[in-house]
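Descriptive structure summary
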Amino acid sequence: MRVSDYEPIVGRSAIEELRLLAAKLSGKVIQMINSTFVGGGVAEILSRMIPLLGQLGVDARWNVIKGNEEFFQVTKKFHNALHGRQETVTEKDFAVFLETTQKNIEEMELYGDILFVHDPQPVGLIASRSSVIASRRRSNPQKWLWRCHIDLSHPNEEVWNFLQPFVVQYDASVFSAPAFSRELPMRQFLISPSIDPLSDKNKELPQQTIDSVLTKYTIPKDKPIITQVSRFDYLKDPVGVIQAFELVRKSIDCRLVFAGGTASDDPESDKVLAEVRQRAGNNPDIHILLIPPGSDIEINALQRASSVIVQKSHREGFGLTVTEALWKAKPVVASAVGGIPLQVKNRFTGLLSYGIEGTAYAIRQLLTNPQYASRLGENGREHVRYNFLITRHLRDYLLLFLALEHPEDIIRL
Ligand code: UDP
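The sections below set out a description of the structure shown in this document.

Cut-offs and rules
- Residues numbered from 1 in each chain as written.
- Predicted model: local features only at pLDDT ≥ 70, side-chain atom pairs only at ≥ 80, totals over all residues.
- Heavy atoms only, no water.
- Core = buried A, V, L, I, M, F, W, Y, C linked by side-chain atoms within 4.5 Å.
- Buried < 20%, exposed > 50% of the residue type's maximum accessible area, 1.4 Å probe, protein only.
- Helix = DSSP H or I, 4+ residues; strand = E, 2+ residues; numbered from the N terminus.
- Contact = heavy atoms within 4.5 Å.
- Pairing = 2+ DSSP bridges.
- Axes fitted to C-alpha atoms, helices over the stretch in contact; angles between N-to-C directions.
- Near = heavy atom within 4 Å.
- Polar contact = N/O pair within 3.5 Å; in protein donor to acceptor, adjacent residues only side chain to side chain.
- Areas by Shrake-Rupley, 256 points an atom, 1.4 Å probe, with all protein chains shown as cover.
- Expected span 1.5 Å × (residues − 1).
- Phe/Tyr/Trp six-rings, centres within 6.5 Å; stacked < 30°, edge-to-face > 60°.
- Lys NZ or Arg CZ within 6 Å of the ring centre and 35° of its normal.
- Salt bridge = Lys/Arg side-chain N within 4 Å of Asp/Glu carboxyl O.
- Parallel < 35°, antiparallel > 145°, perpendicular 65-115°, else oblique.
- Nonpolar A, V, L, I, M, F, W, Y, C, P; charged D, E, K, R; others polar.

**Let's talk about the nonpolar core**
If you look at the biggest cluster of nonpolar residues, it comprises 56 residues, and the most contacted ones within it are Met32, Leu145, Leu398, Leu400 and Phe401. Considering every element that reaches this core, the biggest residue donor is helix H16 (residues 390-405), with 9 residues. Sequence-distant contacts of Leu400, that is, excluding residues within four places in its chain, are made with Phe116, Leu145, Val174, Phe189 and Ile191. Core analysis: the second largest hydrophobic core is formed by 37 residues, Phe78, Ala81, Val96 and Tyr170 among them.

As structure tokens, then:
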């Protein structure tokens with residue numbers, strides 16, 4: 001993908017601005033660090049962004065921390081607890097986190113001029129800072145950024161109190177939405193995530209490709225398809241989606257597709273998948289699909305084949321699946337959690353719903369009123385064009401990196 005390929009979508013001036021900002025970062029190395037190369041929204045964004053930054057002349061590289069299953073079970077617990085879910089976290093869990101953090105500090109090369117650390121799993125790497133700084137010239141200290149993709153508004157206090165001493169050592173933090181952030185002693189930046197309109201996940205597809213994906217998964221095109229795409233995770237409420245579908249199905253003939261994958265840093269997903277399959281039973285109108293990582297064209301095709309897209313999460317980060325659906329001009333029914341209300345403006349770019357009955361009601365409304373549904377979808381696409389595409393995200397990151405060079409909050413171009 002060339003940076004100029006985005007010009008027809010976002011306009012020439014947006015692209016020129018990116019080049020101008022990138023030029024000011026020449027000579028700097030940006031090191032992105034998270035916990036997985038595949039699965040979930042963070043990996044998705046980084047995999048698209050790194051090559052584009054490279055084309056703009058910014059030396060951005062990507063490394064992941066290593067951890068065994070036990071570590072990822074702990075970080076999954078942390079993740080749930082930070083989202084506010086009830087979790088029992090033990091002293092052993094904290095010890096496992098610290099041990100793995102220490103191992104990564106010893107084994108990883110932390111070479112960037114700017115270390116851009118994503119989410120809680122690698123947050124403890126900052127503990128290496130004092131020794132790293134000591135080994136570098138004082139005139140060129142590394143800058144550490146913590147990018148939090150999750151909603152920290154109501155965290156489990158025990159887990160937050162454990163992580164906070166790491167977080168406060170960073171030079172700045174970045175949150176996806178104002179409502180996600182916390183009082184912290186350093187500079188905070190608000191940057192929404194984004195999708196790439198030219199990726200396999202989001203590009204236009206010929207009808208033939210869409211049809212062949214439906215055939216592959218034996219999904220007949222005989223009636224409207226309602227879809228939720230998400231990892232098999234309790235916070236995405238897959239069973240609630242099935243229940244809402246069953247209510248809709250009482251009065252409208254339709255199908256449900258629940259397409260999900262598992263992420264290598266989420267050991268809980270197999271259990272959730274088994275429960276979901278059991279709940280779906282032998283209902284021929286419910287299609288539970290386990291999609292291997294990297295099946296972007298397939299996810300794209302399933303979203304495009306849908307009449308309504310649902311995201312009935314109990315908790316969300318930003319909710320990139322919603323962004324993807326809106327960009328495809330699909331009518332969306334989603335719960336008002338995490339970043340979803342930034343994307344779904346109720347009755348303008350989609351419908352916000354509450355609970356199983358509310359979700360079923362909203363789906364019915366869209367299925368019985370296709371004109372209204374398509375107007376919401378079109379509005380949703382424009383909302384994403386202006387706010388949630390990768391070009392806007394790149395611009396915000398470039399400005400962020402430049403802002404770190406300046407003690408004050410003002411950047412003069
Ligand atoms: N995704 C995927 N395959 C799946 C499930 C999800 O490729 O089986 C993608 C999805 O299209 C989106 C991302 O993973 O791009 C999920 O991001 P989101 O913010 O919705 O949720 P997260 O998984 O980060 O909680």
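**Focus on the side chain of Arg381**
In this fold, Arg381 is placed in helix H15 (residues 370-387). In this view, Arg381 contacts Glu204, Leu326, Trp327 and Ala329; residues no more than four positions away in its chain are not counted.

**Side note on the sheet that holds strand E7 (residues 225-229)**
Taken in spatial order, the 6 strands make up an open sheet running E9-E8-E7-E10-E11-E12, and their pairing is parallel. Each edge of the sheet is formed by a strand with only one pairing partner; in this case those strands are strand E9 (286-290) and strand E12 (351-353). Strand-to-strand twist in this sheet, taken as the mean axis angle between neighbours without regard to direction, amounts to 20°. Here strand E10 (residues 308-311) pairs with strand E11 (residues 332-335) via 3 bridges, running parallel. Bridging from a neighbouring strand, Ile309 pairs with Val332 of E11.

**Side note on the site of the ligand**
Among the 15 residues in the neighbourhood of the ligand, the closest are listed as Arg231, Lys236, Gly261, Leu320 and Glu324. Within the backbone of Gly261, an N or O atom sits 2.6 Å from an oxygen atom of the ligand. A distance of 3.1 Å separates an oxygen atom of the ligand from a polar backbone atom of Thr321. Bound to the protein, the ligand loses 87% of the 540 Å² it would expose on its own.

**Topic: helix H5 (residues 91-107)**
Helical geometry: 3.6 residues make up each α-helical turn, so side chains three or four residues apart lie on a common side. With 17 residues, H5 extends 24 Å between its outermost C-alpha atoms, agreeing within 8% with the 24 Å of an ideal straight helix rising 1.5 Å per residue. In this fold, the buried residues of H5 make contact with helix H4 (69-82) and helix H7 (157-167).

**Examining the packing of aromatic side chains**
Under the criterion given, the structure shown has 17 aromatic pairs. Summarising the aromatic geometry, the rings of Phe71 and Phe72 are spaced 5.2 Å apart at their centres and angled 65° between planes, so their arrangement reads as edge-to-face. When sorted by exposure, Phe71 lands in the same class as Phe72, which is buried. Note on Phe116 and Phe401: the rings are 5.6 Å apart at their centroids and 90° apart in plane angle, and the pair reads as edge-to-face. Placement of the pair is Phe116 in strand E3 (residues 114-118) and Phe401 in helix H16, with a sequence separation of 285 residues. The class of Phe116 is buried, set by a relative accessible area of 0%. Residue class for Phe401 comes out buried when judged on its relative accessible area of 0%. Here the basic side chain of Arg381 rests over the ring of Trp327, its NZ or CZ set 4.0 Å away from the ring centre.

**A few points about the pattern of salt bridges**
Applying the stated criterion across every chain yields a total of 31 salt bridges. Its salt-bridge partner being Arg61, residue Asp59 comes within 2.8 Å of it at the nearest N-O pair. It is possible to trace a salt-bridge network through shared partners that takes in Asp222, Lys223, Arg249, Asp253, Arg255 and Asp285.

**Considerations on helix H3 (residues 41-55)**
For H3, which comprises 15 residues, the first-to-last C-alpha distance of 22 Å matches the rise-based estimate of 21 Å (1.5 Å per residue) to within 8%. Along H3, the residues that are buried comprise Val42, Ala43, Glu44, Ile45, Leu46, Met49, Ile50, Leu52 and Leu53. In this structure, the buried residues of H3 make contact with strand E1 (29-34), strand E2 (59-64), E3, helix H12 (320-327) and H16. Just beyond H3, the residue with positive phi is Gly57, at close to 90°.

**Here's the deal with the side chain of Thr101**
One can find Thr101 in helix H5. Taking relative accessible area as the criterion, Thr101 reaches 8% and is therefore assigned buried. With sequence-adjacent residues up to four places away left out, Thr101 is seen in contact with Gly124 and Leu125.

**Comments concerning the packing of helix H8 (residues 207-216) against helix H11 (residues 296-304)**
One way to put it is that H8 packs onto H11 with a least axis distance of 9 Å and a crossing angle of 100°. Taken together, the axis directions place H8 and H11 in an arrangement best described as roughly perpendicular. Packed against H8, whose contacting residues are Thr209, Ile210, Val213, Leu214 and Lys216, the element H11 presents Ile297, Glu298, Ala301, Leu302 and Arg304 at the interface. In the contact of H8 with H11, the residues fall into 6 nonpolar, 1 polar and 3 charged.

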